[in-house]
Amino acid sequence: MAVTVDAAVAERVARFGSLRFDEFVDLALYHEPDGFFAAGGGAGRAGADFLTSPEVGPLFGAVVARYLDAEWVRLGRPDPFVVVEAAAGRGALALAVLAAGPACGPALRYVLVERSAQLRARQAEHLPLVRPTEMLGPSADPEDPAPSPTQGTGPLCCSLTGLPSEPVDGVVLANELLDNVPFRLFERSTASWSEVRVARSGDALVELLVDADPEVAVHLTALAPDAATGARVPWQQGAADWLSDALSVLRSGSVVVVDYATTTAGLAARPQEEWLRTYVAHGRGDHPLARPGRQDVTCEVATDQLARVRPPSAVSSQAEWLRRHGVDELVEEGRRRWAEGAAAGDLAALAGRSRVAEAAALTDPTGLGAFTVLEWRAG
Ligand SMILES: C[S@@+](CC[C@H](N)C(=O)[O-])C[C@H]1O[C@@H](n2cnc3c(N)ncnc32)[C@H](O)[C@@H]1O
């Protein structure tokens with residue numbers, strides 16, 4: 001019989017006395033078969049747990065498609081042009097990008113990377129997936145004038161559990177991935193920092209504070225020098241490692257990360273409950289230790305910890321980024337289609353009208369519009 005997430009946490013606490021917070025989050029979200037995402041929880045509307053930009057509607061993907069075209073042109077129209085979407089979930093963003101019919105389409109190889117097997121299985125319900133080897137085979141040799149047999153045959157899509165191992169020319173995208181990458185948790189003490197671990201008291205999981213690893217403590221003091229005693233911060237080494245890996249996937253191109261983000265000092269100045277949140281069924285959940293596997297556990301992303309890997313080439317709010325890549329033109333086009341087709345009530349006219357409401361949600365300065373878009377150019 002499969003071991004449950006509760007049993008897995010209990011077994012490790014019994015064996016080691018306590019767990020690091022990132023180890024706890026890893027089990028709570030990704031333990032097979034009943035971690036939160038492993039069991040199929042996540043983004044979407046009815047029946048899901050929280051709303052993300054791709055799940056608002058197809059407009060976000062239509063703007064991403066314009067960005068991809070701009071990158072493709074900037075890179076000299078490579079074929080294949082590989083887009084790696086990390087945290088692809090059930091494939092909503094991929095579907096919207098392809099539906100937008102980007103000019104790079106014939107060169108496009110779209111790789112959906114998703115850790116949860118349940119969510120990966122749902123991608124195949126609405127996307128024509130091919131075997132990874134069929135589309136990530138040897139890319140065209142720039143020294144060889146003969147076109148590779150797969151050139152011009154896109155768009156092709158495939159699904160993977162992790163980032164590709166061969167370097168590619170293209171874009172690595174991650175919408176709301178890094179807030180779900182397991183993180184360690186620290187508390188400022190009078191003399192230095194303590195690490196928050198997870199232990200057991202009776203039936204309940206409880207926090208246990210131990211002296212922090214001195215190397216991490218040095219970094220935290222540098223990043224949040226004014227943290228008051230008792231202030232808490234995450235240490236997001238897992239997110240930084242992901243960024244390093246994503247940069248190393250690219251021979252040329254860019255990494256684009258979209259998430260709720262701030263700085264380590266900004267996090268230290270706020271109560272933990274504000275930036276370490278739980279969600280389930282479109283509402284806030286309980287304390288992060290309360291129901292492992294039954295709720296999302298998410299943490300705002302400290303951009304200064306990512307910048308230790310490499311400072312980003314550009315930082316914007318989601319609202320600014322969407323405007324830079326043409327959201328207003330797409331909304332105008334939608335309004336025109338609605339005006340022309342409203343009387344007939346055709347589907348294209350209705351989709352055109354819905355762009356107005358989608359744009360308002362995606363650029364809302366108190367909601368998704370306030371998310372941060374970080375870009376790193378590679379190669
Ligand atoms: C908040 S959801 C975002 C899903 C989607 N990007 C969206 O915006 O709707 C985070 C997703 O990241 C996935 N995930 C977590 N770690 C991952 C990793 N290292 N590689 C790929 N996917 C990962 C989770 O399983 C989950 O589906």
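Residues numbered from 1 in each chain as written. Predicted model: local features only at pLDDT ≥ 70, side-chain atom pairs only at ≥ 80, totals over all residues. Heavy atoms only, no water.

1. Observations concerning helix H6 (residues 117–126)
Short version of the rule: Each residue is placed in one exposure class: buried if its accessible area under a 1.4 Å probe, protein chains only, is under 20% of its type's maximum, exposed if it is over 50%, and partly exposed if it falls in between. Secondary structure elements follow DSSP: runs of H or I of four or more residues count as helices, runs of E of two or more count as strands, with numbering from the N terminus. Our arc is simply the arc of the directions from the helix axis toward the C-beta atoms. By definition, residues are in contact when any of their heavy atoms lie within 4.5 Å.
Listed in full, the buried residues belonging to H6 are Leu119, Arg120 and Gln123. The arc that holds every buried residue of H6, seen down its axis, measures 105 degrees, which confines them to one face. Exposed side chains of H6 directed beyond 90 degrees from the buried face belong to Ala121 and Glu125. Looking at the buried positions of H6, the neighbouring elements they touch are strand E3 (108–113) and strand E4 (156–160).

2. Digging into the pattern of salt bridges
Selection rule: For salt bridges, the criterion is a side-chain nitrogen of Lys or Arg within 4 Å of an Asp or Glu carboxyl oxygen.
Counting across every chain of the model gives 23 salt bridges. Salt bridges here are not isolated pairs; linked through shared partners, they connect Arg270, Glu274, Arg277 and Glu300.

3. A short note on the domain arrangement of the protein chain
Selection criterion: Domain borders in the structure are assigned automatically or taken from a domain database. Buried surface area refers to the total accessible area, computed with a probe of radius 1.4 Å, that the two partners give up upon joining, counted for both partners together. Counting of polar contacts relies on pairs of N or O atoms within 3.5 Å, with two restrictions inside protein: one atom must be capable of donating a hydrogen and the other of accepting it, and residues adjacent in sequence are counted only when both atoms are side-chain atoms. Side-chain classes are defined by residue name, with Ala, Val, Leu, Ile, Met, Phe, Trp, Tyr, Cys and Pro counting as nonpolar, Asp, Glu, Lys and Arg as charged, and the others, Gly among them, as polar.
Parsing the protein chain into structural domains produces domain 1 (5–35 + 184–235 + 261–299) and domain 2 (42–137 + 151–182 + 236–260 + 300–379). Between domain 1 and domain 2, the C-alpha centre-to-centre distance is 29 Å. In total, domain 1 and domain 2 occlude about 2,300 Å² of area from one another, counting both sides; carbon and sulfur atoms represent 46% of this. A per-residue breakdown of the area domain 1 buries against domain 2 is headed by Trp235, Ala261 and His282, which together make up 31% of the total. For the pair domain 1 and domain 2, the number of links is 3 salt bridges. For Arg115, the salt bridge identified is with Asp26, shortest N-O distance 3.1 Å. Here domain 1 is connected to domain 2 by 23 residue pairs in polar contact (both at pLDDT 80 or more). At the level of secondary structure, the elements contributing two or more residues to the side of domain 1 that touches domain 2 comprise helix H2 (21–30), helix H8 (214–223), strand E9 (232–235), strand E11 (261–262), helix H10 (264–268), helix H11 (272–275), strand E12 (276–280) and strand E14 (296–299). Examining the composition of the side of domain 1 that touches domain 2, we find that 5 residues originate from one element, H2, more than from any other. Split into classes, the residues belonging to the side of domain 1 that touches domain 2 amount to 15 nonpolar, 7 polar and 7 charged.

4. With respect to the packing of helix H14 (residues 327–341) against helix H15 (residues 347–363)
The geometry of a pair of packed helices is captured by two quantities: the angle between their axes and the separation between those axes. The condition that has to hold: Only the contacting stretch of a helix is used when fitting its axis, a line to C-alpha atoms as for every element, and angles between N-to-C directions run 0 to 180 degrees. By definition in this entry, angles of less than 35 degrees are roughly parallel, angles greater than 145 are roughly antiparallel, angles of 65 to 115 are roughly perpendicular, and the rest are oblique. Should the near helix be turned counterclockwise from the far one by less than a right angle, the crossing is left-handed, whereas a clockwise turn marks it as right-handed.
Contact pair H14 / H15: the axes reach a minimum separation of 7 Å and the direction vectors enclose 140 degrees. If you check the angle between H14 and H15, you find them oblique. Seen along the crossing, H14 lies across H15 with a hand that is left-handed. Of H15, the residues touching H14 (which contributes Val327, Leu330, Val331, Glu333, Gly334, Arg335, Arg337, Trp338 and Gly341) are Ala348, Ala349, Leu350, Gly352, Arg353, Arg355, Val356 and Ala359.

5. A few points about the site of the ligand
Convention followed: When at least one non-hydrogen atom of a residue lies within 4 Å of a molecule or strand, that residue is treated as near it. Computed with a 1.4 Å probe, the accessible areas rest on the Shrake-Rupley method; for each residue, only the protein chains presented here act as cover.
In the region of the ligand, 16 residues are neighbours, and Tyr30, Thr52, Ala87, Glu114 and Asn175 sit closest. Ala87 is positioned with one of its backbone polar atoms (N or O) 2.6 Å from a nitrogen atom of the ligand. For the ligand, the accessible surface in isolation is 600 Å², of which the surrounding protein chains cover 92%. Class assignment for the residues of the shell around the ligand results in 9 nonpolar, 4 polar and 3 charged.

6. Some thoughts on the sheet that holds E12
For clarity, the cut-off: Strand pairing is defined by DSSP finding a minimum of two bridges between the two strands.
With antiparallel pairing, 3 strands are arranged side by side in an open sheet as E13-E12-E14. Strand pairing shows two members of the sheet lacking a second neighbour, strand E13 (283–284) and E14, which therefore form its edges. With 2 bridges joining them, E12 and E13 adopt antiparallel strand pairing. Directly across from Val280, in E13, lies its bridge partner Gly283.

7. Considering the pairing of strand E10 (residues 250–259)
Of all 10 residues making up E10, 9 are buried, and the element is well covered by its neighbours. When strand E5 (residues 168–175) meets E10, the two strands line up parallel, connected through 8 bridges. By the bridge assignment for E10, Leu173 is matched with Val256. Two strands pair when backbone bridges link them, and E10 and strand E17 (residues 372–378) are joined in this way by 7 bridges, in the antiparallel orientation.

8. Side note on the sheet that holds E5
The 7 strands are arranged E4-E3-E2-E5-E10-E17-E16 in an open sheet whose pairing can be described as mixed. Since the sheet does not close on itself, it has two edges, and those belong to E4 and strand E16 (314–317), each with one partner. Between one strand axis and the next, the sheet turns through 15 degrees on average, direction left out of account. One ladder, built from 5 bridges, connects strand E2 (residues 81–86) with E5; its direction is parallel. Each bridged residue has a counterpart across the sheet, and for Val83 the counterpart in E5 is Val171.

9. Points about unusual backbone geometry
The omega torsion of the bond from Glu32 to Pro33 falls at 10 degrees, within 30 degrees of zero and hence cis. Here the residue pair Gly154 and Pro155 is connected by a cis peptide bond, since its omega of 0 degrees sits within 30 degrees of zero. With respect to the secondary-structure elements, Pro155 resides in the loop between helix H7 (132–135) and E4. Here the phi dihedral of Glu176 falls at roughly 55 degrees; this positive angle occurs in a residue that is not glycine. Relative to the assigned elements, Glu176 resides in the loop between E5 and strand E6 (184–188). Of the residues examined, Glu176 reaches a relative accessible area of 12% and is grouped as buried. With a phi close to 45 degrees, Ala281 is a non-glycine residue in the positive phi region. Of note, Ala281 is situated in the loop between E12 and E13.

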